[in-house]
Amino acid sequence: MLSLAVIFPFLLAAVCALAARPLGRHTGWLAVLAFVPALALGLPLAGMPGATPVTEVTPWVAELDLHLRLRGDGFSLLFAVLIGLIGTLASVYSVTYLSAGEKFGRFYPYLLLFGGSMLGLVLSDNLPLLFMFWEMTSVTSFLLIGLWHTRPAARDGAVKAFLISALGGLGLLAAVAMLSIAGGTTTLSQLNLDAVRASPLFVPALLCTVLAAVTKSAQLPFHLWLPTAMEAPTPISAFLHSATMVKAGVVLVAKFGLIFGSSALWSGLLVPLGLATLFWGSWLALRQTDLKALLAYSTVSQLGLLMSLYGLASDEGRFAGTAHLLNHAAFKAALFFVVGIVDHETGTREIPQLRALGGLRRALPVTFLVAVVATLSMAGLPPLGGFVSKELFYEAMLHHGPGFILVAVAGSVLTFAYCWRLLSIFFTPAAPQPGPAVHEAPAGLYLPPLLLAGAAVLFGLLPQSAEWLTRTAASALRFTAYGEHLALWHGVNAALLLSLLTWALGSLVAAQAGRVSALQAALTPRWNANTAYYALSDGLRALASQLITHTQGLALPDQLRAMLLVVGALGGYAVWRSPQVFHSIGQLPLVTVPISVLLVAGAVGVVLSRNRLTAVVVTGLTGFGTAAAFLAFRAPDLALTQLLVEAVTVILFLLAFRYLPGVRDLPRTRGRLLLDGLLAGAAGLGATLLTLSSLRFLAPPISPYYVVNSYEGGGGKNAVNVLLVDFRGFDTLGEILVVGMVALAVVSLVQLGRPGQAPGKRPDDLELDATGPAAARQRRVRRGRGGRA
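Not measured: the values here are computed from a predicted model.

Participant: Let's hear about the overall build of the protein: which residues, and what values?
Facilitator: Secondary structure assignment for the protein yields 37 helices and 2 strands. Its C-alpha atoms give the protein principal-axis dimensions of roughly 100 × 75 × 50 Å. Residues counted as buried form 48% of the 789 residues belonging to the protein. A separation threshold of at least 6 residues defines the contact pool for the protein, and within that pool the share at least 24 residues apart is 78%.

Participant: Let's hear about helix α22 (residues 443-461): which residues, and what values?
Facilitator: Here α22 is 19 residues long and its end C-alpha atoms lie 26 Å apart, about the 27 Å a rise of 1.5 Å per residue gives. By the burial criterion, the buried members of α22 are Leu-445, Pro-448, Pro-449, Leu-452, Ala-453, Ala-456, Phe-459 and Gly-460. Relative to the axis of α22, the buried residues are bounded by an arc of 130° and lie together on one face. Elements in contact with the buried residues of α22: α5 (74-97), α16 (315-346), α19 (365-379), α20 (385-398) and α23 (463-471).

Participant: So, a nonpolar patch on the surface: which residues are in play, and what are the values?
Facilitator: On the surface, a cluster of nonpolar side chains totalling about 380 Å² of accessible area is made up of Val-139, Phe-142, Val-159, Phe-162 and Leu-163. Here the element with the most residues in the nonpolar patch is helix α8 (residues 152-183); it accounts for 3 residues. Take Val-159: it is sitting in helix α8.

Participant: Go over the packing of aromatic side chains, please, and point to the residues and values.
Facilitator: Going through the model one piece at a time under the given rule, you end up with 25 aromatic pairs. Measuring from centroid to centroid gives 5.5 Å for Phe-368 and Phe-427, while their planes differ by 75°, and the two rings are edge-to-face. Linking Phe-368 in helix α19 with Phe-427 in the loop between α21 (402-423) and α22, this pair joins segments that are 59 residues apart in sequence. For Phe-368, a relative accessible area of 18% puts it in the buried group. Overall, the relative accessible area of 37% leaves Phe-427 in the partly exposed class.

Participant: Explain the pattern of salt bridges to me, using residue names and the numbers behind them.
Facilitator: The full count for this structure, using the stated rule, is 13 salt bridges. Residue Arg-151 is joined to Glu-231 by a salt bridge in which the shortest nitrogen-to-oxygen separation is 3.5 Å. Separated by 80 residues along the polypeptide, Arg-151 in the loop between α7 (127-145) and α8 and Glu-231 in the loop between α11 (225-228) and α12 (234-242) bring together distant segments of the chain. By relative accessible area, Glu-231 is classed as partly exposed at 22%. Ionic pairing is found between Asp-676 and Arg-561, a salt bridge with its closest N-O pair at 2.6 Å. Taken together, the residues Asp-676 in helix α32 (residues 670-693) and Arg-561 in helix α28 (residues 556-577) connect sequence positions 115 residues apart. Arg-561 shares its class with Asp-676; the two are buried.

Participant: So what's going on with the nonpolar core? Which residues, and what values?
Facilitator: Of all hydrophobic cores here, the largest spans 190 residues; its most connected members are Tyr-108, Phe-256, Phe-260, Trp-266 and Phe-393. Here this core gets 16 residues from one element, more than from any other, and that element is α16. Not counting chain neighbours up to four residues away, the residues in contact with Phe-260 comprise Leu-179, Phe-202, Ala-205, Leu-206, Thr-209 and Trp-266.

Participant: Describe the environment of Gly-623, and please don't skip the residues or the numbers.
Facilitator: Mapped onto the fold, Gly-623 is located in helix α30 (residues 612-632). Overall, the relative accessible area of 4% leaves Gly-623 in the buried class. Among residues more than four places away in sequence, those in contact with Gly-623 are Gln-642 and Glu-646.

Participant: How would you sum up empty space enclosed by the protein? Please name residues and give values.
Facilitator: This structure, assessed with the given rule, holds 5 cavities of 30 Å³ or more. The computed volume of the largest cavity comes to approximately 50 Å³. Leu-121, Leu-130, Trp-134, Ala-248, Val-251, Leu-252, Lys-255 and Phe-256 together form the lining of the largest cavity. Breaking the lining of the largest cavity down by element, the ones donating at least two residues are α7 and α13 (245-260).

Participant: Please provide a residue-by-residue account of the environment of Leu-78, values included.
Facilitator: Here Leu-78 lies in helix α5. Considering only alpha carbons, one finds Leu-78 and Thr-472, 394 residues apart in sequence, at a separation of 7.3 Å. Discounting residues that sit within four places of it in the chain, Leu-78 has contacts with Leu-45, Thr-322, Leu-326, Leu-469 and Thr-472.

Participant: Give a description of helix α14 (residues 264-285) that names residues and reports values.
Facilitator: Along its 22 residues, α14 runs 31 Å from first to last C-alpha, staying within 8% of the 32 Å computed at 1.5 Å per residue. Put simply, Ser-263 is the residue that caps the front of α14, since its side-chain oxygen is 3.1 Å from the backbone nitrogen of Leu-265.

Participant: Tell me what's going on with unusual backbone geometry, and back it up with residues and numbers.
Facilitator: With an omega of -5°, the peptide bond between Leu-220 and Pro-221 qualifies as cis. Locating Pro-221 in the fold gives a position in the loop between α10 (202-216) and α11. Cis geometry is adopted by the peptide bond preceding Pro-383, which originates at Pro-382 and carries an omega value of 5°. By secondary structure assignment, the location of Pro-383 is in the loop between α19 and α20. Phi angles above zero are rare outside glycine, and Ala-218 is one such case at about 55°. The class for Ala-218 is buried, based on a relative accessible area of 0%. Even without being a glycine, Arg-634 presents a positive backbone phi close to 60°. Looking at the secondary structure, you find Arg-634 in the loop between α30 and α31 (636-655). You can call Arg-634 exposed: its relative accessible area is 77%.

Participant: A description of the confidence of the model for the protein should follow, citing residues and the corresponding values.
Facilitator: Chain-level pLDDT for the protein is 86 on average; 92% of the residues reach the 70-or-more range. When mean pLDDT is taken per element in the protein, α10 scores highest with 95 and helix α36 (residues 763-767) scores lowest with 37. Scored below 50 in pLDDT, residues 756-789 makes 53 contacts in the model with residues more than four places away or belonging to other chains.

Participant: Could you give me a rundown of the pairing of strand β2 (residues 66-72), with the residues and numbers involved?
Facilitator: Across the 7 residues of β2, 5 count as buried, placing the element largely inside the fold. For strand β1 (residues 54-61) and β2, the ladder comprises 7 bridges, and the chain directions are antiparallel. Note that in β2 the partner of Val-61 across the bridge is Leu-66.

Participant: Lay out the packing of helix α15 (residues 291-311) against α16 with the relevant residues and their values.
Facilitator: Remark: α15 packs on α16, axes separated minimally by 9 Å, with the N-to-C direction vectors making an angle of 175°. Overall, the two elements α15 and α16 adopt an arrangement that is roughly antiparallel. Here the residues of the contact of α15 with α16 are counted per class, giving 14 nonpolar, 8 polar and 3 charged.

Participant: Quick rundown of the side chain of Lys-216? Include the residues and the values.
Facilitator: As for its position among the elements, Lys-216 is in helix α10. Buried within the structure, Lys-216 lacks any salt-bridge partner; its nearest side chain of opposite charge belongs to Glu-135, at an N-O separation of 5.7 Å. At 2.9 Å, the side chain of Lys-216 and the side chain of Thr-137 are in polar contact.

Participant: Which residues make up the packing of α16 against α23, and what values do they have?
Facilitator: Interhelical geometry of α16 versus α23 gives an angle of 115° and a closest axis separation of 9 Å. Of the two possible hands of crossing, α16 and α23 adopt the one that is right-handed. Contact residues: α16 offers Phe-319, Thr-322, Ala-323 and Leu-326, while α23 offers Ala-466, Glu-467, Leu-469, Thr-470 and Arg-471.

Participant: Describe the environment of Ile-164, listing the residues and the values that go with them.
Facilitator: Tracing the sequence through the fold places Ile-164 in helix α8. Assessed through its relative accessible area of 7%, Ile-164 is described here as buried. Sequence separation of Ile-164 and Leu-224 is 60 residues, and the distance between their C-alpha atoms is 9.2 Å. In contact with Ile-164, other than residues within four places in its own chain, are Thr-215, Phe-222, Leu-224 and Trp-225.

Thresholds, definitions, all that
Residues numbered from 1 in each chain as written. Predicted model: local features only at pLDDT ≥ 70, side-chain atom pairs only at ≥ 80, totals over all residues. Heavy atoms only, no water. Helix = DSSP H or I, 4+ residues; strand = E, 2+ residues; numbered from the N terminus. Buried < 20%, exposed > 50% of the residue type's maximum accessible area, 1.4 Å probe, protein only. Contact = heavy atoms within 4.5 Å. Expected span 1.5 Å × (residues − 1). Arc of directions from axis to C-beta. Patch = residues over 30% accessible without salt bridge, like charges linked within 9 Å, V, L, I, M, F, W, Y side chains within 5 Å. Areas by Shrake-Rupley, 256 points an atom, 1.4 Å probe, with all protein chains shown as cover. Salt bridge = Lys/Arg side-chain N within 4 Å of Asp/Glu carboxyl O. Phe/Tyr/Trp six-rings, centres within 6.5 Å; stacked < 30°, edge-to-face > 60°. Core = buried A, V, L, I, M, F, W, Y, C linked by side-chain atoms within 4.5 Å. 1 Å grid on protein atoms, 1.4 Å probe; cavity = no way out; pocket = protein on both sides within 12 Å on 5 of 7 lines; lining within 4 Å. Points joined across faces, edges and corners; volume = space filled by probe spheres on them. Polar contact = N/O pair within 3.5 Å; in protein donor to acceptor, adjacent residues only side chain to side chain. pLDDT = per-residue confidence, 0-100. Pairing = 2+ DSSP bridges. Axes fitted to C-alpha atoms, helices over the stretch in contact; angles between N-to-C directions. Parallel < 35°, antiparallel > 145°, perpendicular 65-115°, else oblique. Nonpolar A, V, L, I, M, F, W, Y, C, P; charged D, E, K, R; others polar. Lys, Arg positive; Asp, Glu negative; His and termini not counted. Left-handed = near helix turned anticlockwise from the far one by under 90°.

Next up, the structure:
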C-alpha cells in the first residue's frame, strides 16, 4: 500500500501527459485518481496510535545499504493522507479554474510528480531515499513555479526557489551521510541514537539539518523565495503552501527532533528563529496589496509558528505543532482557493481595486462564507480550529519565558490585523455605479474550499476530532504521555487572557491601518533579503565573467596557446617523473612508423590546406591513421568504432559544408608564427611523452582482472563490452544521460527557431478563459478608457 501510494502519482503523471491533448481540462479528473492510494492510507491510520507502523522494503543496492524502505508510522501516514486530500482538491479545483488554452500536458504531470515526491519524502525510512525525494521536490517545484515560463517573474521565482532549496539540499546530504556513519545504518528508524549523540559528527549533522529545514520552510533569512513562488497557478500555490513543499522542513524538524532534541543547541536555534519568522512574516504580510502575496507572507509567518513549536522538542511542542499543522492545512488551502475565485471572477487580486468594486459579499456569498471561516480560523478566533491550536501555542510559549511569549503575542497581533485586511475586500459598500458582472463561482471552484472550511469549523466545535487526528501521531512523535488537551473552553487562564489581548491590539492595528502603513514605510530598510540575494547573484555573475576573461581571454588563438602550453608542460613533467620514458620507444613495433608518418602527414596537410575540401579530406588521414594504430595494437573493435566515427564525421562535414567559413590566414608576425610553431611542437611532443609514460605502470595493471572475469562474472567474451556494460555500468549510464540531456538541449534550441512560437505571449492568456479575470481585466481597461470615464 505504501509503495503504491508513492508510485501511483508517478504512473498517472505519464498517463496524464499522454492523455492531456484529447482530454483537455478534464485531465484533472484523471489526476484525481493518482491520490486514491494516498487517501487509502487513512485505513491503517485509523488504527493509530499504538499500532505497529507499516513497513515495506524493496531491495535496491544492497551493497550500499540502499533500499526502497517506506515506513508508515502515525505521523507519516497523517501527512500522507493530508497530501492526498489537498492534492485531490487542487486537481478538482483546477478542472474549472484553468482555461482551455492551458498546457495540461505539463500542468498535471508536474503536479503529480510533485505530489509523488512529497509522499515519498514523508514515507521514506531510508536516509539516502529521503534525500532523493527531498531533491525531487526541489526539482518538481521548480517546474511548477516556472510553469508560465514566458513570465520573467515566473522564471525568477523558480530559479530563486531552486537555488535556496538546493543549498538546503546540500546540507541535508551532509547530514544524511554523517548520521549514517555515526548511527551505523542508513535506516532512519534503526539509527543507534546513543552512538549518534556521542559522535563528534552530532553537532555538524545537527547544523546541516537545521540549514536544510530552514531553507525548505522559508525561515529567516531564506524566506525570500516563498513569495516569488506565487507566480505558480493558484491551485499549485494552495498545494505548495498547505500540505507539501513548504512543510517539508517542518516535517524534517518533527522527525529529526527525536534525534537532536536532546541538545540545547537544537531548541536554541529553531525556537528563536521560528518566532522571529512569525513576527517578520506577519509584519510583511500586513503591507501587501496583492492577496496572494499577503497569503504567501502569512504562510511564512505560520511556518515560523510551527517551527518554533516542533523546535521545542518537547511533548507539549510536538502535540501543539501537529494540531496546528492540521488547522493550517485546512484554512490556508481554503484561503488560496478563495483568492483564486476572487481573481477568477473579478479579474484582480489587488486589495484597493477589490475595495473599489464593492459589494463582493453579496455577489460571492458562498466564497464570502468560506473566506470568513478560514480567515477567522487563521486569526485564532473561536469557535474555529485555529483558536484551539493558537491557545496551545500560547501555553507552550508561556512555559519558556517572557521573551518568547512577547514575540508570540506580537506576531499574533499582526496576524489578526492582516486577516482583517484580507477580509476587508468583502465589507465595502457597493459602488455607486454598477461594477463588472461579478457572480458566484461555479461549484467546481467553491466546493473544495467549502469542504476545508467545514473542517476548520469541525476542529473548533468538536475539538475531539482534531484531538483524535493529532493522537494518531503520538507514538511516532513520542507524546503519548501528554494528556488530552484540545478543548474550546479551558476556563479563564493565561492563554485566554493573551488571546483577548491579541484581539484587542489586533483590532487597534487594523483600525489604525493608515498610520501603521505609514510607519511601515518609514521603517522600511534599504536592504532586505531580496536585495541581498540579487546583489549576491549579480556579484557572482560579474566575478565569473572576470575570472573567465582573465584566465581564458576573449580570443580563440590565445585559448589554444594556453592549452598547448599546458600539454607541453605535462610532457615535461612526465619526463621529469620518469626519465626512462624514452626507452619505451624502442619497444614499439615497426608498423607504427608508417602509421606515425600517416598521422603527421595528415596534421601537416591540414595546416597547409588552402581550401575547405582539401582540409576535410586531409583531416580524414589522421582518423584513418588512428584506426590503423588500433589495428596494429590488436584492438579491432576500437578500430571499427574509429572508422564509423570517421564516416559520420565526413557525412556531417558534407552536410554543413556550405555553412563553413572559408580557410584564411590569421595576420601574425614572424615572431608570433615562430612561437605558435614551437607551442604546437611542444604540445605534440608532450602528448607523445605522456602516452609513452603511461606504458610504464606505477602499479600492477588491472587489465588481467577484466580479461579473467569478463566471461565468468559478466557472461561475455568481449572484455571491452563487458567492461562498459557491467563493470562500468553506472559510468556508462551517466554518459548516456549526459548525451541524452545534450540531445534535449539541441532539440529545444532548434525548436526556438521555429515559426509560430510566441515567446512574448501573455501568461494571463494561457491561464484564464474568456470569462476569467484576464477577460474581466480587459473589460475594465476598455471601460476605463471609454464608458466609465
